[in-house]
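For reference, the chains in residue letters:
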Amino acid sequence: MPAPALVESPANQFAADISAGLQKAGQKELPSKYLYDTLGSKLFEVISELPEYGLTRADERLLRAYAHEIMHHIPRDVMVCELGSGSGRKTRWILETLSRRRRLDYFPIEISATALAVCRRELSDIESVGIVGLEREYLDGLLEVAARRRDGQHILVLFLGSTIGNFSPPADANFLHEIRMILQPGDSLLLGTDLEKPIPQLIDAYQDALGVTAAFNLNLLARINRELDADFALEQFEHIAKFNAGTRGVEMHLRSKLRQTVAIRRANLVVTFEEGETIWTENSHKYSLAEVSRMVEAAGFRCQAQWIDREWPFAESLLVAE
Ligand code: TRP
């Protein structure tokens, strides 16, 4: 019998990705993009308010303080496109500043429909900004924005919050290069990167005292239970964050507290976990400034300007496509 042509639908893609990740030889893995369902997106909003997690606040401080300086580098006729807008909160400062000169369209690109809806609500009061949400993967969304470009229009891509660090090197430079290939010379990319800081501070940021990050990570298993009819016992897994000194990234895992077997019915899969075995769910790379320069240049961009938060080392780099 021919294979049924079902793999296109999101639920089946989810099942296929989960199945592949949990059957990997050696380290089991789950793709981090699946952390952001409705509940996960809300938990991430709470993470960004945690005292231990200074990243989002640093990003927002920089955007707020330097929106005018950023604007001076951007032509008036601009389409603003954001990869992974989340709630859109920190984008407000850029949009308000740019749209004072001339009306513009803003294209948030999100795989989370919930995040898109929140983003639209959060930013809808800004006059002179048209919001066109695209529920797509990043590069598909960017291709669509590029296809709508009118003659002479400039594209400004926002890639904030250090999501780039979730593509571990060298995938980070490769991803930036893919963005570059969709853009034209002269287009802009505003890139947020979280910088190196003391290891205990990093661990606290990803393993907060209230347990919100743990809930965020464990929600991935809860989501598999909900959507794929699985029977993960959440209390038999724990969230751990550890710094990998070799790759200079914080790794997030879900660790099985005992030997156990889990059935994921809609993926037709039964998986065994050994006691102490982990599922790797995310990597958050921490950059040096030299590393940021090397990465962006390798991807075909030139750094035009850069702003750094001293309170929580974090860099905002304004890049131009060469
Ligand atoms: N992009 C965020 C980061 O790397 C996402 C994040 C924060 C995250 N806390 C997490 C991802 C915990 C997985 C688990 O900082």
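Report on the accompanying structure. (Residues numbered from 1 in each chain as written. Predicted model: local features only at pLDDT ≥ 70, side-chain atom pairs only at ≥ 80, totals over all residues. Heavy atoms only, no water.)

Considering the packing of aromatic side chains
Applying the stated criterion across every chain yields a total of 15 aromatic pairs. Both rings, one in Phe232 and one in Phe237, keep their centres 5.6 Å apart while their planes meet at 70°; by these two values the pair is edge-to-face. Taken individually, Phe232 and Phe237 each receive the classification buried, so the pair is uniform in this respect. Ring geometry for Phe232 against Phe273: centres 6.1 Å apart, planes inclined by 50°, an arrangement best described as tilted. Of this pair, Phe232 sits in the loop between helix H9 (212-228) and strand E7 (237-244) while Phe273 sits in strand E10 (residues 269-273), and the two are 41 residues apart along the sequence. Classification of Phe232 as buried rests on a relative accessible area of 5%. (Phe/Tyr/Trp six-rings, centres within 6.5 Å; stacked < 30°, edge-to-face > 60°. Buried < 20%, exposed > 50% of the residue type's maximum accessible area, 1.4 Å probe, protein only. Helix = DSSP H or I, 4+ residues; strand = E, 2+ residues; numbered from the N terminus.)

A word on the sheet that holds strand E8 (residues 249-256)
With mixed pairing, the four strands of this open sheet are ordered in space as E1-E11-E8-E7. Strand pairing shows two members of the sheet lacking a second neighbour, strand E1 (28-29) and E7, which therefore form its edges. Here E8 pairs with strand E11 (residues 278-285) via seven bridges, running antiparallel. Among the inter-strand pairings, Leu254 is bridged to a residue of E11, identified as Ile279. Strand contacts of helix H8 (residues 199-206): E7, E8 and E11, with the helix running at about 155° to E7, the strand carrying the most contacts. (Pairing = 2+ DSSP bridges. Contact = heavy atoms within 4.5 Å. Axes fitted to C-alpha atoms, helices over the stretch in contact; angles between N-to-C directions.)

Concerning the packing of helix H3 (residues 55-72) against helix H4 (residues 92-99)
H4 packs onto H3 with a crossing angle of 20° between their chain directions and a minimal axis gap of 8 Å. The pairing of H3 with H4 is recorded here as roughly parallel in orientation. Crossing angle aside, the handedness with which H3 passes H4 is right-handed. Residues Glu60, Leu63, Arg64, Ala67, His68, Ile70 and Met71 of H3 lie in contact with H4, whose contacting residues are Trp93, Ile94, Thr97 and Leu98. (Parallel < 35°, antiparallel > 145°, perpendicular 65-115°, else oblique. Left-handed = near helix turned anticlockwise from the far one by under 90°.)

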